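# Chains, contacts and geometry: an overview
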Amino acid sequence: MRAFREAVEAGDLDGVEALLADDVVFISPVAFKPYRGKAITAAILRGVSRVFEDFRYERELTGAEGRDHGLVFTARVDGRELTGCDFVRVGESGLIAELMVMVRPLSAAQALAAAMGAQFDRIAEEAARAAS
């Protein structure tokens, strides 16, 4: 999804949030259960922007119907280089209905889990403010 990619690359987190459906589902690479809703998903993405260093998309894959996209990226977390993919599914409304993130290698996923864990109180506060 070009608009999502451009907003992420520009650091326009308000623009990213505007592309999320109210009932978006975020599937984390390090959490067991999905997160549901725009407020928590936007807050998580803001947290990610604080922990990722040197983030850049390398390539984009688009499904035949144009609703499914894979955005392959590289970044660093706590000195660990990682490769990942944002799998974006666009709903009937044209907004993002599902965002699933996968990362590798395991050591980078563990560093990401630790860094995001340290952010989670702030993420929860941001989500609560946005939802009210």
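The structure under discussion appears in the preceding block.
One structure accompanies this document, and this report is about it. (Residues numbered from 1 in each chain as written. Predicted model: local features only at pLDDT ≥ 70, side-chain atom pairs only at ≥ 80, totals over all residues. Heavy atoms only, no water.)

### Remarks on the side chain of T41
Within the secondary structure, T41 is located in helix 3 (residues 38-51). Take T41: its relative accessible area is 0%, and that puts it in the buried class. There is a polar contact of 2.8 Å between the side chain of T41 and the backbone oxygen of G37. Among all residues touching T41, those that are not within four sequence positions of it are L20, V24, F26 and Y35. (Helix = DSSP H or I, 4+ residues; strand = E, 2+ residues; numbered from the N terminus. Buried < 20%, exposed > 50% of the residue type's maximum accessible area, 1.4 Å probe, protein only. Polar contact = N/O pair within 3.5 Å; in protein donor to acceptor, adjacent residues only side chain to side chain. Contact = heavy atoms within 4.5 Å.)

### Considering the packing of helix 3 against helix 4 (residues 106-131)
Running from N to C, helix 3 and helix 4 point in directions that differ by 140 degrees, and their axes come no closer than 8 Å. Taken together, the axes of helix 3 and helix 4 are oblique relative to one another. The element helix 3 and its partner helix 4 pack so that their crossing is right-handed. In this structure, helix 3 contributes A39, I40, A43, I44, R46, G47, V48, R50 and V51 to the contact, and helix 4 contributes L112, A115, M116, Q119, F120, R122, I123, E126, A127, A130 and A131. Of the residues in the contact of helix 3 with helix 4, the class split is 14 nonpolar, two polar and four charged. (Axes fitted to C-alpha atoms, helices over the stretch in contact; angles between N-to-C directions. Parallel < 35°, antiparallel > 145°, perpendicular 65-115°, else oblique. Left-handed = near helix turned anticlockwise from the far one by under 90°. Nonpolar A, V, L, I, M, F, W, Y, C, P; charged D, E, K, R; others polar.)

### Some remarks on the packing of aromatic side chains
Inspection of every chain in the model, using the stated rule, returns seven aromatic pairs. With a centroid separation of 6.0 Å and 35 degrees between ring planes, the pair formed by Y35 and F120 is classed as tilted. On the criterion of sequence distance, the pair formed by Y35 in strand 2 (residues 35-36) and F120 in helix 4 is long-range, its members being 85 residues apart. Between the aromatic rings of F55 and F73, the centroid separation amounts to 5.1 Å while the plane-to-plane angle is 35 degrees, which identifies the pairing as tilted. (Phe/Tyr/Trp six-rings, centres within 6.5 Å; stacked < 30°, edge-to-face > 60°.)

### Section: the sheet that holds strand 2
Read from one edge to the other, the open sheet built from six strands follows the order 2-1-6-5-4-3, with strand pairing classed as mixed. What marks the edges here is a single partner per strand, and that holds for strand 2 and strand 3 (53-62). Note that strand 4 (residues 68-77) and strand 5 (residues 80-90) share 10 bridges and pair antiparallel. Across the sheet, residue G70 finds its bridge partner in strand 5, namely F87. The sheet strands contacting helix 4 are strand 2, strand 4, strand 5 and strand 6 (96-104), and the helix crosses strand 5 at an angle near 75 degrees. (Pairing = 2+ DSSP bridges.)

### Thoughts on the side chain of H69
Mapped onto the elements, H69 comes out in strand 4. Among the polar contacts listed, one links the side chain of H69 to the side chain of T62, at a separation of 3.4 Å. Within the structure, the side chain of H69 is placed 3.0 Å from the backbone oxygen of G66, a separation counted as a polar contact. In this structure H69 touches M1, E60, L61, T62, D86, F87, V88 and V90, once residues within four positions along its chain are discounted.

### Observations concerning helix 1 (residues 2-10)
Looking at helix 1, one finds that the buried residues are F4, R5 and A7. An end-on view of helix 1 places all buried positions within 165 degrees of arc, on one side of the element. Turning to helix 1, the residues buried within the fold contact helix 2 (13-18), strand 3, strand 4, strand 5 and strand 6. Once helix 1 ends, the next one or two residues include G11, with phi positive near 70 degrees. (Arc of directions from axis to C-beta.)

### As for the pairing of strand 4
Along strand 4, eight of the 10 residues are buried, which leaves the element largely enclosed by surrounding structure. Relative to strand 4, strand 3 runs antiparallel, the two being bridged by seven bridges. In the sheet register, R59 faces strand 4, and the bridge partner there is V72. Taking the residues between adjacent antiparallel strands as the criterion, strand 3 and strand 4 are bridged by five residues, where G66 takes a positive phi near 80 degrees.

Geometric descriptors of this kind do not, in isolation, establish any biological role.
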